[in-house]
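Single-letter residue listing:
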Amino acid sequence: LLEQVTRAVLELEAGQRDAVLLCFFEGRRQAEAARELGLSDDALRYRLRRALSALRKRLDRTCGDRREAWSSPLGALVGLELAGKAPLTATGLGGG
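Structure report, in brief.

Calculation criteria
- Residues numbered from 1 in each chain as written.
- Predicted model: local features only at pLDDT ≥ 70, side-chain atom pairs only at ≥ 80, totals over all residues.
- Heavy atoms only, no water.
- Helix = DSSP H or I, 4+ residues; strand = E, 2+ residues; numbered from the N terminus.
- Buried < 20%, exposed > 50% of the residue type's maximum accessible area, 1.4 Å probe, protein only.
- Areas by Shrake-Rupley, 256 points an atom, 1.4 Å probe, with all protein chains shown as cover.
- Polar contact = N/O pair within 3.5 Å; in protein donor to acceptor, adjacent residues only side chain to side chain.
- Patch = residues over 30% accessible without salt bridge, like charges linked within 9 Å, V, L, I, M, F, W, Y side chains within 5 Å.
- Salt bridge = Lys/Arg side-chain N within 4 Å of Asp/Glu carboxyl O.
- Lys, Arg positive; Asp, Glu negative; His and termini not counted.
- Charge placed at Lys NZ, Arg CZ, Asp CG, Glu CD.

1. Digging into the overall build of the protein chain
Then comes step 1: The helix and strand inventory of the protein chain stands at five helices and zero strands.
Then comes step 2: Listing every helix and strand of the protein chain by position from the N terminus yields α-α-α-α-α.
Then comes step 3: Buried positions account for 31% of the 96 residues belonging to the protein chain.
Then comes step 4: Here the protein chain displays about 5900 Å² of accessible surface, and carbon together with sulfur accounts for 51% of that area.

2. So, the environment of Glu26
Then comes step 1: The residue Glu26 is located in the loop between helix H2 (14-25) and helix H3 (30-37) in this model.
Then comes step 2: Looking at Glu26, the relative accessible area reads 47%, which means it is partly exposed.
Then comes step 3: Here the side chain of Glu26 touches Arg28 through a polar contact of 2.9 Å, side chain to side chain.

3. Thoughts on a positive patch on the surface
Then comes step 1: Positive charge collects at one region of the surface, where Arg50, Arg56, Lys57 and Arg61 lie side by side.
Then comes step 2: Residue Arg56 is classed as partly exposed on the basis of its relative accessible area, which comes to 35%.

Geometric values such as these leave the question of function open.
Here's what the structure looks like:
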């Protein structure tokens, strides 16, 4: 699952990928990420919505349209990240 998510993120369109990496992998606040990317807050939110939609569709296809096959494990990973126990990184969602 970690490899699938990482691969899916890295294959996003460049603007979407940059927004996801800054906000979800590097933990930047959306306003900070928007400034860094030269976007308005609304433009960044739009990119993130599109990126997350693309990721959901890809992971659904990868897991045979069984969202529960990837959503619960990914939620657990995010929960660990929020607790500071498993840093998400651009190179492997915890792989360093």
